[in-house]
Structure formats: structure tokens, C-alpha cells
Amino acid sequence: MKKIYYTFLVAISVVILSMCSKTSSVEEEKFEEALLENEKAVINPSEMETEVLGLINDYRVSIGASKLQSNSTSYQYAEEHNNYMIAQKKLSHDNFQSRASKIALETGAVDVGENVARYYTTAQLVFDGWIESASHKEAIEGGYTHTTLSITLDKDGRPYFTQIFMKVE
């Protein structure tokens, strides 16, 4: 029985590790330009998380997809990744495979994806940026069932975003 379980676990891990939503360098440069250097905004990360998730769920319903359910178990991974990107001062999907494997083990997810962004000052701007990007839009429209979104501010008050998508059966 253990052998079957571990074989199943390895198979799921392989599928998960091949499913990261990647962005091109052009798309990431566009995201970096989302906030002008001299523009300041006061952002409440918690409120903006709720707003972004609302926009994404409204969009999913408008295209006939189901709303994503919130998954608080994976929030720590999104937050940790924001802190990593802040420390590196760049957008990235670095360590996605490790993050996805841990999330899959903890949540039972059979598929995990991720969108990242930075410097957007409103929920609508980050949503629009993701929808205008083919790879980010694909994650938003994907066959996922659960999500979590962390928005973390850097020392200058600029937001970094990590949204994790999970398909839990």
C-alpha cells in the first residue's frame, strides 16, 4: 500500500512541477513599469487582496468558470515568495517547484500554478495586467478550484503580489 501511495505522490509531483505559469521578460518589464518611481500610493494589502480575489472570481463567473475557493493553508508560501522577491528586488518564479510540492502535500492539490506582479497601486490595475498577459490569464482561467493571494509591501510601500492556484479534487 505504501508503494502505491509513494508512486502516486511522485506522479502528482511530476505533474505539478511542470505546471508553473511563466512570464516572458517583456511581460515582467511591463509589470515593473506599473508604478512610476515618483508616484506614491497608500495601500492596505489585506483590503487589496480581497478586492483582487473578487475581481478574479467575478471574471471567472463571467466566462462560465467556477469561483475559486480561498485556501489559507498556502498563504504562507505566497507571503514567503513575496518576501523573497522583495529581497531580490525582482519578479520571479524562483523555487516554484519546491513551493508547489509543499502546497500539494499539504492541500492534496493535483495541480498548482502561480501569478506574480509588483508595484500595481490598485486591485483593478493588477487584475488588468494579469488579464492582458496570456500566461497570467491562462492561470486565472484554468481548471483550478482554490487560490490564495498575498500582497506584501516593500520598505518603500510598493506592493508585491503572489497568487497561488490549486486544483484540489
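What this report covers is the structure whose coordinates are included nearby. Please read all numbers here as calculations on a predicted model, not as lab measurements. (Residues numbered from 1 in each chain as written. Predicted model: local features only at pLDDT ≥ 70, side-chain atom pairs only at ≥ 80, totals over all residues. Heavy atoms only, no water.)

This part takes up the overall build of the protein. Each helix and strand in the protein was counted, giving seven helices and four strands. Counting helices and strands in the order they occur from the N terminus, the protein gives α-α-α-β-α-α-β-α-α-β-β. Each of the 169 residues in the protein was classed as buried or not, and the buried ones make up 46%. Summarising the internal contacts of the protein: among those between residues at least 6 apart in sequence, 74% fall at separations of at least 24. Counting only carbon and sulfur atoms, one obtains 54% of the accessible surface of the protein, whose full area is about 8,900 Å². (Helix = DSSP H or I, 4+ residues; strand = E, 2+ residues; numbered from the N terminus. Buried < 20%, exposed > 50% of the residue type's maximum accessible area, 1.4 Å probe, protein only. Contact = heavy atoms within 4.5 Å. Areas by Shrake-Rupley, 256 points an atom, 1.4 Å probe, with all protein chains shown as cover.)

By the element assignment, Arg118 lies in strand 2 (residues 109–118). Arg118 sits in the buried class, given a relative accessible area of 5%. Within the structure, Arg118 has its side chain in polar contact with the side chain of Tyr119 (distance 3.4 Å). Of the polar contacts made by the side chain of Arg118, one reaches the side chain of Tyr160; its length is 3.0 Å. (Polar contact = N/O pair within 3.5 Å; in protein donor to acceptor, adjacent residues only side chain to side chain.)

So, on to the environment of His81. Along the chain, His81 falls in helix 4 (residues 75–88). Aside from chain neighbours lying at most four places away, what touches His81 is Ser92, His93, Asp94, Arg99, Glu114, Val116 and Thr162.

Bringing the nonpolar core into the picture now. Taken as a class, soluble globular proteins show a tendency for nonpolar side chains to be buried jointly. Counting 20 residues, the largest nonpolar core has Met48, Val52, Ile56, Val126, Trp130, Ile140 and Phe161 as its most contacted members. When residues of this core are traced back to their parent elements, those giving at least two are helix 3 (45–62), helix 6 (123–131), helix 7 (134–141), strand 3 (146–153) and strand 4 (159–168). In this structure, Phe96, Ala109, Val112 and Met166 belong to the second largest nonpolar core, which totals nine residues. (Core = buried A, V, L, I, M, F, W, Y, C linked by side-chain atoms within 4.5 Å.)

What follows covers the packing of aromatic side chains. In the structure shown here, the tally under the stated rule is five aromatic pairs. Ring plane angle 65° and centroid distance 5.8 Å describe the contact between Tyr59 and Phe127, whose orientation is recorded as edge-to-face. On the criterion of sequence distance, the pair formed by Tyr59 in helix 3 and Phe127 in helix 6 is long-range, its members being 68 residues apart. Exposure class is identical for Tyr59 and Phe127. Each is buried. A centroid spacing of 5.4 Å and a plane angle of 35° characterise the contact between Tyr144 and Phe165, whose relative ring orientation is tilted. Of this pair, Tyr144 sits in the loop between helix 7 and strand 3 while Phe165 sits in strand 4, and the two are 21 residues apart along the sequence. By relative accessible area, which is 9% here, Tyr144 ends up buried. Put simply, the rings of Tyr120, Trp130 and Phe161 pair up and form one aromatic cluster. (Phe/Tyr/Trp six-rings, centres within 6.5 Å; stacked < 30°, edge-to-face > 60°.)

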